[in-house]
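# Residue-level structural notes
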Amino acid sequence: MMLGEFRGEVLRGTEWFGHDFAGQRVAVVAPGREAAQIVPEVAATALSVKVFQEEPDWVVPMPVPGPTVVGIAVARVFLRWQVKDPWLRRLLTPDRRFGSRKTAPGLGYYGALARPGCKLITWPVYAFAPHGVRTAEGIEHQADVVVLGASSLFAKEGLPA
């Protein structure tokens, strides 16, 4: 599959599951709730992973039953406990209310982001170039594989495959 000018492999939805990314540079383009599911699996075998976060979402270690006040407390404590860097923690904190969208159980997400070969990018994706992803500030990030979350803005827009 191709995406615009991108010459590498494009995986959509759950096509990434069980894929061997050994020796590959991977770009994950997904909202936070999907990135929380995708990134730990991809980072386990990839040479490097760049996570193009379309928007942060509340991530919890497991589904949280009960009132919203319990869920927000669990999500905030989990984020603070897992992410020591205050700036990265801010980038991963959603601006909207807890419970306004589905939360993502992602026990390994924050740990995967802390790996040396994994980097969070918050600039919006502007285009897909032949050898990677170009963000709004004009930087082209090299990638061999692009993983698009099922809810990604690009998956919804029906870009050429």
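Residues numbered from 1 in each chain as written. Predicted model: local features only at pLDDT ≥ 70, side-chain atom pairs only at ≥ 80, totals over all residues. Heavy atoms only, no water.

What follows is about the confidence of the model for the chain. Looking at the chain as a whole, the pLDDT averages 86, with 89% of positions reaching at least 70. Contacts from residues 157–161, a stretch scored under 50 in pLDDT, to residues over four places away or in other chains number ten contacts. (pLDDT = per-residue confidence, 0-100. Contact = heavy atoms within 4.5 Å.)

The next thing to look at is the pattern of salt bridges. When the charged atoms of two side chains with opposite charge come close together, those side chains can pair. Scanning the entire structure with this criterion turns up four salt bridges. Residue D95 is joined to R90 by a salt bridge in which the shortest nitrogen-to-oxygen separation is 3.0 Å. (Salt bridge = Lys/Arg side-chain N within 4 Å of Asp/Glu carboxyl O.)

All right, on to the pairing of strand β8 (residues 132–135) then. The sheet contact formed by strand β7 (residues 125–129) and β8 spans four bridges and is antiparallel. By the bridge assignment for β8, A127 is matched with R134. The antiparallel pairing of β7 with β8 creates a hairpin that spans two residues between the two strands. Here three bridges tie β8 to strand β9 (residues 140–142), and the two strands are oriented antiparallel to one another. Residue pairing for β9: R134 is matched across the bridge by E140. With antiparallel pairing between neighbouring strands as the criterion, β8 and β9 make up a hairpin whose turn holds four residues, including G138 at a positive phi of roughly 95°. (Pairing = 2+ DSSP bridges. Helix = DSSP H or I, 4+ residues; strand = E, 2+ residues; numbered from the N terminus.)

With that settled, the discussion passes to the sheet that holds β7. The strand order across the open sheet built from three strands is β7-β8-β9, with neighbouring strands paired in antiparallel fashion. Whereas interior strands pair on both sides, the edge strands pair on one side only; in this sheet they are β7 and β9. Each neighbouring strand pair of the sheet contributes to a mean axis angle of 25°, computed without reference to strand direction. (Axes fitted to C-alpha atoms, helices over the stretch in contact; angles between N-to-C directions.)

What follows concerns helix α1 (residues 32–43). The end-to-end C-alpha distance of α1 is 15 Å, a good match for the 16 Å that twelve residues give at a rise of 1.5 Å each. Burial of α1 is extensive: nine of the twelve residues sit out of reach of the surface. Along α1, the positions that sit buried rather than exposed are G32, R33, E34, A35, A36, I38, V39, V42 and A43. (Expected span 1.5 Å × (residues − 1). Buried < 20%, exposed > 50% of the residue type's maximum accessible area, 1.4 Å probe, protein only.)

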